[in-house]
Amino acid sequence: GEAMIKIRNIRKTFGENTILRGIDLDVGKGQVVVILGPSGSGKTTFLRCLNALEMPEDGQIEFDNERPLKIDFSKKPSKHDILALRRKSGMVFQQYNLFPHKTALENVMEGPVAVQGKPAAQAREEALKLLEKVGLGDKVNLYPYQLSGGQQQRVGIARALAIQPELMLFDEPTSALDPELVQDVLNAMKELAQEGWTMVVVTHEIKFALEVATTVVVMDGGVIVEQGSPKELFDHPKHERTRKFLQQIRKDSADYRH
């Protein structure tokens, strides 16, 4: 299909360190793109560039749909453009970043009410539906400290969905969780994929990538080394770096799981 999001030449340096060396990626509507790569490959920085939590020095992001938007980072983007970009993308973080003094329900209502100016009654109704969707219909009035890590992360997913984004971004959403809580979060994400949400996911969960991804991207040293369907990539990796990385990650996940 036609790319809904075209990402071109994203470059990012911190001081002397070049983290991203010109990343190009197309994301089609309803695609699930999983980004894999060793620590320090730049994958989280890249994800954070997609909603300008990190500011690239160069590159373009273009949304080509009902509400088109093109941002050129080589000319400092306006506040207005950055807000427009952030309204298009919901971010789910490694650490759940919930407001500790707000209930699950209030956490999910916050964005629509405070940022989008939605009437509270409407935001509340929608938030209840979203919490139900992620399996937390019975936990809406609990505070973060009363929830497990996996439940907090599912509140985080509902909160990201609440602004009705065009793109969902997940930054290693299960890496801070106890192993037995990982599956609930992955199941919630799987359901979103089946409903046709467009997702870019940085994760180490190979099984999720195999079952859910439409495209797997392997990053290393600030570049995309290889990309393809999960089957192509896992069964016939073209590059030595990809093969090495996949061997390592299979070994780690075998150690980790059993």
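To be clear, the structure that these remarks concern was listed above.
What counts as what
Numbers given for residues are sequential positions, taken from 1 along each chain in its written order. Residues qualify for local features only when their pLDDT is at least 70, as the model is predicted, and side-chain atom pairs are given and counted only at 80 or more; totals for whole chains, interfaces and linings, by contrast, use all residues. Hydrogens and waters are ignored; side-chain quantities use all the structure's heavy atoms. Buried Ala, Val, Leu, Ile, Met, Phe, Trp, Tyr and Cys residues that are joined via side-chain atoms within 4.5 Å together make up what is termed a nonpolar core. The classification of residues rests on relative accessible area computed with a 1.4 Å probe and restricted to protein chains. Under 20% of the type maximum is buried, over 50% is exposed, and intermediate values are partly exposed. Secondary structure elements follow DSSP: runs of H or I no shorter than four residues count as helices, runs of E no shorter than two count as strands, and numbering proceeds from the N terminus. The contact definition used throughout considers only heavy atoms, calling two residues in contact when any of these lie within 4.5 Å. Should DSSP find at least two bridges between two strands, the strands are regarded as paired. Under this scheme, a helix contributes an axis fitted over its contacting stretch, all axes are lines through C-alpha atoms, and angles between N-to-C directions fall in the 0 to 180 degree range. A pair of aromatic rings is counted whenever rings of Phe, Tyr or Trp (Trp by its six-membered ring) have centres within 6.5 Å, and the orientation is called stacked for planes under 30 degrees apart, edge-to-face for over 60 and tilted otherwise. To sit over a ring, a charge needs its Lys NZ or Arg CZ within 6 Å of the ring centre and within 35 degrees of the ring normal. What the arc describes is the spread of directions from the helix axis to the C-beta atoms.

A separate point is the nonpolar core. Counting 50 residues, the largest nonpolar core has L131, I157, M168, F170, M189 and M199 as its most contacted members. The element contributing the most residues to this core is helix α6 (residues 179–194), with eight residues. Beyond its immediate chain neighbours, meaning those up to four positions away, M168 contacts G90, V92, I157, A160, L161, L192, W197, T198, M199 and V200. The next biggest cluster of nonpolar side chains, apart from the first, holds 31 residues, and it includes I7, L50, I82 and V200.

This paragraph deals with the pairing of strand β8 (residues 199–202). Side chains of β8 alternate between two faces, with M199 and V201 and V200 and V202 buried alike. Taken together, the four bridges between strand β3 (residues 32–36) and β8 define a ladder with parallel strand orientation. Opposite V34, over in β8, you have V201 as the bridge partner. One ladder, built from four bridges, connects strand β7 (residues 167–171) with β8; its direction is parallel. Counted as the bridge partner of D171 is V202 from β8.

Turning next to the sheet that holds β8. Overall, mixed pairing links the six strands, which are arranged β6-β7-β8-β3-β9-β10 in an open sheet. In the strand order of this sheet, the two ends are held by β6 (89–92) and β10 (223–228), each with one partner. In this sheet, adjacent strand axes meet at a mean angle of 20 degrees when their direction is disregarded. Those strands touched by helix α2 (residues 79–88) are β6 and β7, and its axis lies near 65 degrees from that of β6. Of the strands in this sheet, β6 and β7 touch helix α5 (residues 149–162), which is tilted by about 170 degrees from β6.

Our next topic: the packing of aromatic side chains. In total, this model carries one aromatic pair according to the counting rule given. Ring geometry for Y143 versus Y145: centroids 6.5 Å apart, planes at 15 degrees, classification stacked. A residue is classified by how much of its surface remains accessible, and Y143, at 31% relative accessible area, is partly exposed. Positioned above the aromatic ring of F99, the side-chain terminus of K102 is 5.8 Å from the ring centre.

In an α-helix, one turn spans 3.6 residues; hence positions three or four apart end up facing the same way. Along α2, the positions that sit buried rather than exposed are I82, L85 and K88. All buried residues of α2 project into a common sector of 120 degrees when viewed along the axis, lining one side. With respect to the buried face of α2, the exposed residues turned more than 90 degrees away are K79 and H80. At its buried positions, α2 is contacted by β4 (58–63), β5 (69–72), β6 and β7.

All we've got here are geometric facts, nothing functional implied.
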